[in-house]
Amino acid sequence: MLQNQTRKLRVLVVDDSSFMRMVIRSVLEKDPAIEVVGIAVDGMEGVEKALALRPDLITMDIEMPRLDGISALKQIMAKCPTRVLMVSTLTCEGAKATFDALDAGAIDYIPKNVTDSADAQRVFREELLRKVKGAASSIFGRPMTTSAPRTIIAPPRQVRPAPRPSQALTGKFHYVGIGASTGGPVALQEVLGRIPGNYPHGIVVAIHMPKAFTGPYAERLNSKCSLQIKEANDGDIIQPGVVLVAPGGRHMALVRQGNSIAVRTLSTAECPQYIYIPSVDHMMTTLADATNGSALGVILTGMGSDGFKGMKHLKSKGGITIVQDEATSTIYGMPRACIEGGVADTVLPLTQIGSEIARLGG
């Protein structure tokens, strides 16, 4: 976390669009806890100002002249490691570039969705503030992953001892549900990368992402892991060794269909009670009901408490649960809710979760 929580959060805005610079600066400066200490019009100037100003956080556009956002990010991480929030276009190419940025060390991202719509502008303002403040309180750096070995680049924060079971986690299940948010794209790749392709159970995933991002993300995971990974479609059947990623912009439910479990996708209007999309709570709750508790629930890093109610319901049905520990979580919100709510059977560091899923399901 930032060392001094009483002072303002110092932010550098890097974007080649004068309109986006104006919008981002205007939104941030209306918050009394945030100070915009600099503006840069491209990646090269962004690196220079990052070195000169040493901000707490940088908002970084991806497509810029002279030096693009990912190249600038890599230089900043090498010269003056700083929390970076990527500002991404809502396109397939924008999604792919965003995941490259997360692999390179960015904390999180926010999609550009500033249109003439008052509602879209409101959502962007709220999301920008939420993500900036969330990134500011995140653990900086992350443990090594199977895809991109990294070391912690800031001193580890103090963490409370996590509750652990008195004996090794055991229990039979036939399905796995995994939920994540901030820090989740990299964390999920680490987890799935440790599960063999012949895994005997089907896996479903809900991770908070916009519509244009989940397809490219599933393709990226599929190219890096032994499992078969795809974006879920309405009517898909959960199968052994296959990972179905909930489509962005919609909620995913699981329903019993004869001897199988099928996917049902729902619009946000059909599930107005859920703030986060796709909802981990909805996926986990319906998975528990459809499988009658014959499922393993896993909660990874993420902001908020999405997943706690679903994990609680799964536990009530006899399911078992794994939660990521505080030390390796980019944002401890979702894991903390499960741990403090008493629904975590075991708490593990990120690098052990995939292996434990594989062991339990073998």
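Note that this is a predicted model, so its numbers are computed, not measured.

### Some points on the overall build of the protein chain
When its secondary structure is counted, the protein chain shows 11 helices and 14 strands. Burial status across the protein chain gives 57% buried among its 362 residues. Residue pairs in contact within the protein chain that sit at least 24 positions apart in sequence constitute 72% of those at least 6 positions apart. When the accessible area of the protein chain is evaluated, it comes to approximately 14,700 Å², of which 51% is carbon and sulfur surface.

### What about the UniProt feature "modified residue: 4-aspartylphosphate" (unreviewed entry) in the protein chain?
Within this structure's numbering, the places UniProt gives as "modified residue: 4-aspartylphosphate" (unreviewed entry) are D61. With respect to the secondary-structure elements, D61 resides in strand β3 (residues 57-61). When near neighbours in sequence (up to four residues on either side) are disregarded, D61 contacts V14, D15, D16, G69, M86, V87 and K112.

### Overview of the pattern of salt bridges
Here the structure, examined in full by the defined rule, presents 19 salt bridges. D61 is the partner of K112 in a salt bridge, and the nearest nitrogen-oxygen pair spans 3.2 Å. Here K112, found in the loop between β5 (108-111) and α5 (118-136), pairs with D61, found in strand β3; they are 51 residues apart in sequence, far enough to count as distant. Residue D61 is classed as buried on the basis of its relative accessible area of 3%. Linked through salt bridges whose partners overlap, the residues forming this network are D108, E127, R130 and K131.

### With respect to the sheet that holds strand β2 (residues 34-40)
Strand order in the open sheet formed by 5 strands is β2-β1-β3-β4-β5, with parallel pairing between adjacent strands. Lying at the two open borders of the sheet, with one neighbouring strand each, are β2 and β5. Averaged over neighbouring strand pairs, the angle between their axes works out to 25° when direction is ignored. The pairing of strand β4 (residues 83-88) with β5 spans 4 bridges and is classified as parallel. Counted as the bridge partner of V87 is I110 from β5.

### Brief notes about helix α4 (residues 92-103)
Taking 1.5 Å per residue as the helical rise, α4 with its 12 residues ought to reach 16 Å, and the 17 Å between its terminal C-alpha atoms agrees with that figure. Along α4, the positions that sit buried rather than exposed are G94, A95, A97, T98, F99, A101, L102 and D103. Tucked into the core, α4 has its buried residues touching α3 (69-79), β4, β5, α6 (184-192) and α7 (211-224). Phi turns positive, to about 125°, at G105, one or two residues after α4.

Cut-off values and rules
- Residues numbered from 1 in each chain as written.
- Predicted model: local features only at pLDDT ≥ 70, side-chain atom pairs only at ≥ 80, totals over all residues.
- Heavy atoms only, no water.
- Helix = DSSP H or I, 4+ residues; strand = E, 2+ residues; numbered from the N terminus.
- Buried < 20%, exposed > 50% of the residue type's maximum accessible area, 1.4 Å probe, protein only.
- Contact = heavy atoms within 4.5 Å.
- Areas by Shrake-Rupley, 256 points an atom, 1.4 Å probe, with all protein chains shown as cover.
- UniProt positions renumbered as here; feature names shortened; annotations may be inferred.
- Salt bridge = Lys/Arg side-chain N within 4 Å of Asp/Glu carboxyl O.
- Pairing = 2+ DSSP bridges.
- Axes fitted to C-alpha atoms, helices over the stretch in contact; angles between N-to-C directions.
- Expected span 1.5 Å × (residues − 1).

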